[in-house]
Structures are given as structure tokens and as C-alpha cells.
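For reference, the chains in residue letters:
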Amino acid sequence: DVKVTQSSRYLVKRTGEKVFLECVQDMDHENMFWYRQDPGLGLRLIYFSYDVKMKEKGDIPEGYSVSREKKERFSLILESASTNQTSMYLCASSFYGAHGYTFGSGTRLTVV
Amino acid sequence: AQKITQTQPGMFVQEKEAVTLDCTYDTSDPSYGLFWYKQPSSGEMIFLIYQGSYDQQNATEGRYSLNFQKARKSANLVISASQLGDSAMYFCAMGLANAGGTSYGKLTFGQGTILTVHP
């Protein structure tokens, strides 16, 4: 089975901290995505990447950046965490042409 | 731009009954794909079913079927013979697809519907 692994299930960080959320997939997928999930808003796309060192902004990129130095790893970076970034963060990957994503189990981030 | 709307924040169904979860979409792209995902309380996202915009027949996967009405831009999920384990959040999503009906790229998700199955 394809696995997408997010490094932390729960994180608590302080306002102003730099936060790294890591995502690793083990099936050589070209595409990787970062979403945040909030009640009543569903999943919203933050950033995505179609290849190594490539990145594109999603619908809500403000306050975030990403890094994809290796094909299997896609990192989400909160440069200076704020309380409004408290959320569930979901990473996903897919092949070009695949039906749907494979998701990680999510990281619930709380910024205090 | 693509938009997905799920107007039912919560739905209740009796065990063994059928239930329909609504999804409407908006896009100017002629070729697209529609997805449904299930998210149990554990948080994992589980792919359920896919429909390409050029598919002539409604997609089915076991107890799940997708009622695709292209003119109305709706893609409702029908779950037959509900089970207690069907209690979860359900998301409708869409993305671009090629002429062969294979989706690619980013997905746009709806707000989700919480389904509760009563014994």
C-alpha cells in the first residue's frame, strides 16, 4: 500500500515560532499537496508541487512556504506561527493521472 | 475556478436505510472529475468513488453510487444499506481531467457533511 507519512500527529507551538510540518511518501508520486482543514470550511489548498523543486500556490498560501528538495518529501513551513494557523493539516500525494489522492493521517497544530 | 458546495452540514440515517449526500459543483472546464472521500473520527481520508465528466454511466463501488446529473451540476453520493461504520465526515471534491477521463492535479473540496447512522 502507498503510504503518506506525516511526522507529527499533534503539535503545540508558540506564536512567532517557525514551524516545520514534514510529509513523506513512499511510492514515487510526482504530485504532493498540503491542505488545511477547518470546521465548516472543508479542505483548502495551501501549496502543491508537481515535481522536485517545483511549487505552486494554492488558494490560501499567505503565511506559509514549502520545500521539495527530494521527490518523496514535501515540507510545509510556517515562518512565524500565528493563532489563526491553528488547524488540521493534511498532506496528500498522487501520480499524474491517478484517480484521487493518498492522504497522510494529518497533523493537528495548535498555536498558543 | 472550480467550486464545490455541500449544503448539508449533518445528516442522520437509520441503519440499513439508504442515504443521499448532496454535492453541487461549478466549473467552466469541459473535462473534470468528481470524487467522494470519507473521513472517520480517526482523521484519515478514504477515497470512495470517482466520476469523470464524460462518463456515460453513474459510477458505483459496492454500496456507494454517484448520482451524476451533468446538466444540474450535481454529483450526489448514495450509500445503500447504511452501516454503523458509515458514520463519518464525507467530502465531495473535483479536479481537472483529461479527455480520457483521468483526473490529474489539484482537487477542490466542499465543506463536508457529517453522517450519523443510528442503530
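Right above here is the structure, for reference.
Quick caveat: nothing in here was measured; it's all calculated off a predicted structure. (Residues numbered from 1 in each chain as written. Chains lettered and ligands numbered in written order. Predicted model: local features only at pLDDT ≥ 70, side-chain atom pairs only at ≥ 80, totals over all residues. Heavy atoms only, no water.)

A. Geometry of the pairing of strand β11 (residues 103–109) of chain B. All names here are of chain B. In terms of burial, β11 is a largely internal element, five of the seven residues being buried. Pairing of strand β10 (residues 88–97) with β11, which is carried by four bridges, proceeds in the antiparallel orientation. By the bridge assignment, G95 is partnered in β11 with L107. (Buried < 20%, exposed > 50% of the residue type's maximum accessible area, 1.4 Å probe, protein only. Helix = DSSP H or I, 4+ residues; strand = E, 2+ residues; numbered from the N terminus. Pairing = 2+ DSSP bridges.)

B. Highlighting the pairing of strand β9 (residues 74–79) of chain B. All names here are of chain B. In terms of burial, β9 is largely enclosed, as five of its six residues are buried. Two strands pair when backbone bridges link them, and strand β8 (residues 64–69) and β9 are joined in this way by six bridges, in the antiparallel orientation. When the sheet's bridge partners are listed, F68 is paired in β9 with A75. Count of turn residues in the β8/β9 antiparallel hairpin: four residues, of which K73 carries a positive phi of about 55°.

C. Structural view of the packing of aromatic side chains. The final tally for this structure, using the stated rule, is 17 aromatic pairs over all chains. Ring centres 5.5 Å apart and planes at 55° place the aromatic pair Y101 of chain A and F103 of chain A in the tilted group. The same class applies to Y101 of chain A and to F103 of chain A, which are both buried. Considering the side-chain rings of F103 of chain A and F109 of chain B, the 6.2 Å spacing of their centres and the 70° angle between planes classify their relative orientation as edge-to-face. In this pair, F103 of chain A sits in strand β11 (residues 102–103) while F109 of chain B sits in strand β11, so the two residues belong to two different chains. A relative accessible area of 9% places F103 of chain A in the buried class. On the basis of relative accessibility, which here comes to 6%, the residue F109 of chain B falls in the buried class. Taken together, F33, Y35, F48, Y50, Y101 and F103 of chain A together with F35, Y37, F47, Y50, F91 and F109 of chain B form an aromatic cluster joined through their ring pairs. Note that R9 of chain A overlies the ring of Y10 of chain A, its terminal NZ or CZ placed 5.9 Å from the centroid. (Phe/Tyr/Trp six-rings, centres within 6.5 Å; stacked < 30°, edge-to-face > 60°. Lys NZ or Arg CZ within 6 Å of the ring centre and 35° of its normal.)

D. Just the nonpolar core, in detail. All names here are of chain B. Counting 24 residues, the largest nonpolar core has L34, W36, I49, L77, Y90 and L115 as its most contacted members. Taken together, the elements giving at least two residues each to this core come down to β3 (19–21), β5 (32–39), β6 (46–52), β8, β9, β10 and β12 (113–118). Tallying contributions element by element places β10 first for this core, with four residues. Leaving out residues up to four positions away in the same chain, I49 has contacts with L34, F35, W36, A59, T60, E61, Y64, S65, L66 and L77. (Core = buried A, V, L, I, M, F, W, Y, C linked by side-chain atoms within 4.5 Å. Contact = heavy atoms within 4.5 Å.)

E. Focus on the side chain of Q6 of chain A. Residue and element names in this part refer to chain A. Among the secondary structure elements, Q6 is positioned in strand β1 (residues 4–6). Here the side chain of Q6 touches C91 through a polar contact of 3.0 Å, landing on its backbone nitrogen. If near-sequence neighbours (up to four positions away) are discounted, Q6 is found in contact with E22, W34, Y89, L90, C91, G104, S105, G106 and T107. (Polar contact = N/O pair within 3.5 Å; in protein donor to acceptor, adjacent residues only side chain to side chain.)

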